[in-house]
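Coordinates in review
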4 protein chains.
Amino acid sequence: MAEPTLKELQARVRAFADDRDWGQFHSPRNLAMAVSVEANELLELYLWSTDDGPQPHVAERVPKVAEEAADVLMCLLNLCDRAGIDLADALDKKLIDADKKYPADKVRGQAKKYDEY
Amino acid sequence: MAEPTLKELQARVRAFADDRDWGQFHSPRNLAMAVSVEANELLELYLWSTDDGPQPHVAERVPKVAEEAADVLMCLLNLCDRAGIDLADALDKKLIDADKKYPADKVRGQAKKYDEY
Amino acid sequence: MAEPTLKELQARVRAFADDRDWGQFHSPRNLAMAVSVEANELLELYLWSTDDGPQPHVAERVPKVAEEAADVLMCLLNLCDRAGIDLADALDKKLIDADKKYPADKVRGQAKKYDEY
Amino acid sequence: MAEPTLKELQARVRAFADDRDWGQFHSPRNLAMAVSVEANELLELYLWSTDDGPQPHVAERVPKVAEEAADVLMCLLNLCDRAGIDLADALDKKLIDADKKYPADKVRGQAKKYDEY
């Protein structure tokens, strides 16, 4: 399979909802809530561990992390679809702006600058 | 510009972090936290409104929603990059599984089934 | 039973963790993550409904909402305990500051002011 | 000042909202969203650090952590007030149930049991 574009993934997510007539539940507000709920199911997988100790992702939890990450993306694409947002374009803009705001040669390896990021 | 694949977006996000030597802050756990934090900056834009009343996205807030959605995606792609997750593949699996679990002709328009989703 | 003070509740939550030697998992960072995770289990109970439609709390979900709210409070009290924060005092300060920032006679019923809140 | 009970804190939070006629924005759903948003402003203070490295709370960030923790409690008390939940009672029940589910002499110091918690 060729690598899918973000637009193609969004179209698949939309088709999935359309097939089930689930658009009626997909107010942007509901979807924004869903993104947070799914993000926290992802976060829960990293709870009670430490950064230096064994991390969940190193071992048996990777498939579960992948599943929860996919849930976040699905809700995010549904939200962008309903709110008329071109997510790839938004990320492009974000990276261009961030490149100006945090010039690589000025902030390299600095947690302080990173902190404000 | 041709529509970017999710893989290409991930490579751009990785290059941005690499150029700044920010990988040292990018433990999967930190990135999972960042996904939640960004998801809630997105959620905040929908706070104090109602589903039936005017929604933030209809008007002047769309650009801000787009920005926050891009932040969520950036953190999510960084996490997948560090945890060795193929996000497009994970979403593909998720949709195939969900299609079996929620057959379109069985759950069409049902909030109850949706609820368990 | 007399109404418990917030301090008494914090002492009970601490004793519960101490009895199990769970303090070792209770870094403030872990507990801050746990507050967010529990807050989103609470939020999930309100997902896919609308503000004007029947709300989960009106009916059979109240006990579940109460349970999740208690989880949030437990994690929050654990965090304050570990970080040396007097939560009742912090809330007191917050209300005094908010009273100055949002004088009742200036902001009454205004969503706009509320928005910045 | 005598230590306030949780009920007294809830009454103060309610009075603050009533004085400003802000009850109209306080649907339980909005307040559940607000709890998550505030929980993530709290979480953000712990972002990009590690559990073993210097933690934000050790130093200059404690006052900020206290402020955000108070915001979480304020939203949580507003939610309980609107949803008719006795939060101290809910926490009491939670601790009694958890005590049965995780007997101190069985789970002492075990991350595994804790994990399922």
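None of these values were measured; they are calculated from a predicted model. (Residues numbered from 1 in each chain as written. Chains lettered and ligands numbered in written order. Predicted model: local features only at pLDDT ≥ 70, side-chain atom pairs only at ≥ 80, totals over all residues. Heavy atoms only, no water.)

A closer look at the interface of chain C and chain D
Quick note on the threshold: Note on contacts: a residue pair is in contact if any heavy atoms of the two residues lie within 4.5 Å. Accessible area that two parts lose when put together, evaluated with a 1.4 Å probe and summed over both, is termed the buried area. By definition here, a salt bridge exists when the distance from a side-chain nitrogen of Lys or Arg to a carboxyl oxygen of Asp or Glu is within 4 Å. Two N or O atoms form a polar contact when they lie within 3.5 Å of each other; inside protein one atom must be a possible hydrogen donor and the other a possible acceptor, and for residues adjacent in sequence the pair counts only when both atoms belong to side chains. Going along the chain from the N terminus, every DSSP run of H or I of four or more residues is numbered as a helix, and every run of E of two or more is numbered as a strand.
In this assembly, 71 residues from chain C lie in contact with 71 residues from chain D. A combined buried area of about 6,300 Å² lies between chain C and chain D, and 69% of that area is made up of carbon and sulfur atoms. The interface formed by chain C and chain D holds 10 salt bridges in total. Connecting chain C to chain D are 22 residue pairs in polar contact (both at pLDDT 80 or more). Of all elements in the fold, only helix 1 (6-19), helix 2 (28-44), helix 3 (62-83), helix 4 (87-101), helix 5 (104-107) and helix 6 (111-116) of chain C reach the threshold of two or more residues within the side of chain C that touches chain D. Element by element, the count of residues in the side of chain C that touches chain D is highest for helix 3 of chain C, at 16 residues.

Description of the relation of the copies chain C and chain D
Using the following cut-off: When the copies are overlaid, the least-squares fit takes in C-alpha atoms only where the residue has pLDDT of at least 70 in both copies.
If you rotate chain C by 180° and push it 0.0 Å along the axis, it lands on chain D with an RMSD of 0.0 Å. Classification of the inter-copy transformation places it as that of a two-fold axis. Closest to the rotation axis within chain C is the C-alpha of T5(C), separated from it by 1.8 Å. Most of the interface of chain C is mirrored in chain D: 100% of its interface residues are interface residues there too.

A word on the side chain of R20(C)
Spelled out, the test is: A 1.4 Å probe rolled over the protein chains alone gives each residue an accessible area, and that area as a share of the maximum for its type sets the label: buried under 20%, exposed over 50%, partly exposed in between.
Within the element layout of this structure, R20(C) appears in the loop between helix 1 and helix 2. Here R20(C) falls in the buried class, since its relative accessible area comes to 0%.

Describing the relation of the copies chain A and chain C
Expressed as a screw operation, the relation of chain A to chain C combines 0.0 Å of axial shift with a rotation of 180°, fitting to an RMSD of 0.0 Å. An overlap of 100% is found between the interface residues of chain A and their copies at the interface of chain C, pointing to a shared contact surface.

Some words on unusual backbone geometry
The residue D21(C) is not glycine, and still its phi comes out positive at about 55°. Here D21(C) lies in the loop between helix 1 and helix 2. One non-glycine residue, W48(D), adopts positive backbone phi at about 65°. The residue W48(D) is located in the loop between helix 2 (28-44) and helix 3 (62-83) in this model. Given the relative accessible area of 15%, W48(D) is considered buried.

Details of the interface of chain A and chain C
Selection rule: Any residue outside Ala, Val, Leu, Ile, Met, Phe, Trp, Tyr, Cys, Pro, Asp, Glu, Lys and Arg is labelled polar, Gly included; the first ten of those are nonpolar and the last four are charged.
Between chain A and chain C, the residue contacts involve 18 residues of the former and 18 residues of the latter. Of all residues in chain A, the largest losses of buried area upon contact with chain C belong to M33(A), V37(A) and W48(A), amounting jointly to 35% of the total for that side. The interface formed by chain A and chain C includes 0 salt bridges. In this structure, the connection of chain A to chain C is made through 6 residue pairs in polar contact (both at pLDDT 80 or more). Class assignment for the residues of the side of chain A that touches chain C results in 9 nonpolar, 5 polar and 4 charged.

With respect to the state of the cysteines
Applicable threshold: Two cysteine sulfurs form a disulfide in these notes if their separation is within 2.5 Å.
According to the stated counting rule, one finds 0 disulfides over all chains in the structure shown. With no disulfide partner, C75(B) has as its closest neighbouring cysteine sulfur the one in C80(B), 11 Å distant.

Quick word on the packing of helix 4 of chain C against helix 3 of chain D
To be explicit about the condition: Lines are fitted to the C-alpha atoms to define the axes, a helix being fitted only along its stretch in contact, and any angle between axes, read from their N-to-C directions, falls within 0 to 180 degrees. Orientation labels follow simple angle bins: below 35 degrees gives roughly parallel, above 145 gives roughly antiparallel, 65 to 115 gives roughly perpendicular, and whatever is left gives oblique.
Remark: helix 4 of chain C packs on helix 3 of chain D, axes separated minimally by 8 Å, with the N-to-C direction vectors making an angle of 85°. With respect to helix 3 of chain D, the axis of helix 4 of chain C lies roughly perpendicular. Contact with helix 4 of chain C, carried on its side by L87(C), A90(C), L91(C), K94(C) and L95(C), involves A66(D), E67(D), A69(D), A70(D), D71(D), L73(D), M74(D) and L77(D) of helix 3 of chain D and no other residues of that element. By residue class, the composition of the contact of helix 4 of chain C with helix 3 of chain D is 10 nonpolar, no polar and 3 charged.

Re the nonpolar core
Quick reminder of the rule: By nonpolar core is meant a set of buried Ala, Val, Leu, Ile, Met, Phe, Trp, Tyr and Cys residues that side-chain atoms within 4.5 Å join together.
Within the largest apolar cluster, 170 residues are counted, with the highest numbers of intra-cluster contacts made by L91(A), L6(B), L91(B), L91(C) and L91(D). When neighbours within four sequence positions are excluded, L91(C) is seen to be in contact with L9(D), V13(D), A70(D), L73(D), M74(D) and L77(D).

Describing empty space enclosed by the protein
Residues and elements named next belong to chain C. Cut-off, in case you're wondering: Every definition here rests on a 1 Å grid over the protein atoms only: cavities are sets of points where a 1.4 Å probe fits but cannot get out, pockets are open sets enclosed by protein on both sides within 12 Å along at least five of seven lines, and lining residues have some atom within 4 Å of a point. Grid points are joined across faces, edges and corners, and a volume is the space filled by probe spheres set on the points.
Tallied over the entire structure, the rule returns 2 cavities of 30 Å³ or more. Space inside the second largest cavity adds up to approximately 30 Å³. Taken together, L6, K7, Q10, D86, L87 and A88 form the lining of the second largest cavity. Of all the secondary-structure elements, those providing two or more residues to the lining of the second largest cavity are helix 1 and helix 4. Of the residues forming the lining of the second largest cavity, the biggest block, 3 residues, is contributed by helix 1. A breakdown of the residues in the lining of the second largest cavity according to their chemical character gives 3 nonpolar, 1 polar and 2 charged.

Considerations on the packing of aromatic side chains
Threshold: The criterion for an aromatic pair is that two Phe, Tyr or Trp rings (for Trp, the six-membered ring) have centres within 6.5 Å, with stacked assigned to planes under 30 degrees apart, edge-to-face to planes over 60 apart and tilted to the rest.
Scanning the model with the defined rule gives 8 aromatic pairs over all chains in all. Here the aromatic rings of Y102(A) and W22(B) are separated by 5.8 Å at their centres, their planes lie at 70°, and the arrangement is edge-to-face. Here Y102(A) is found in the loop between helix 4 (87-101) and helix 5 (104-107), whereas its partner W22(B) is found in the loop between helix 1 (6-19) and helix 2 (28-44) on a different chain. By relative accessible area, Y102(A) is classed as buried at 5%. Using a relative accessible area of 1% as the deciding quantity, one classes W22(B) as buried. Judged by centre distance (6.1 Å) and plane angle (70°), the rings of F16(B) and W22(B) are edge-to-face. Each member of the pair, F16(B) as well as W22(B), is classed as buried.

A closer look at the pattern of salt bridges
Under the definition given, this model contains 36 salt bridges over all chains. With its nearest N and O atoms 3.0 Å apart, the salt bridge here joins D71(A) to K94(B). Taken together, the residues D71(A) in helix 3 (residues 62-83) and K94(B) in helix 4 (residues 87-101) connect one chain to another. Note on D71(A): relative accessible area 11%, which makes it buried. Connected via shared salt-bridge partners are E3(A), K7(B) and D86(B).

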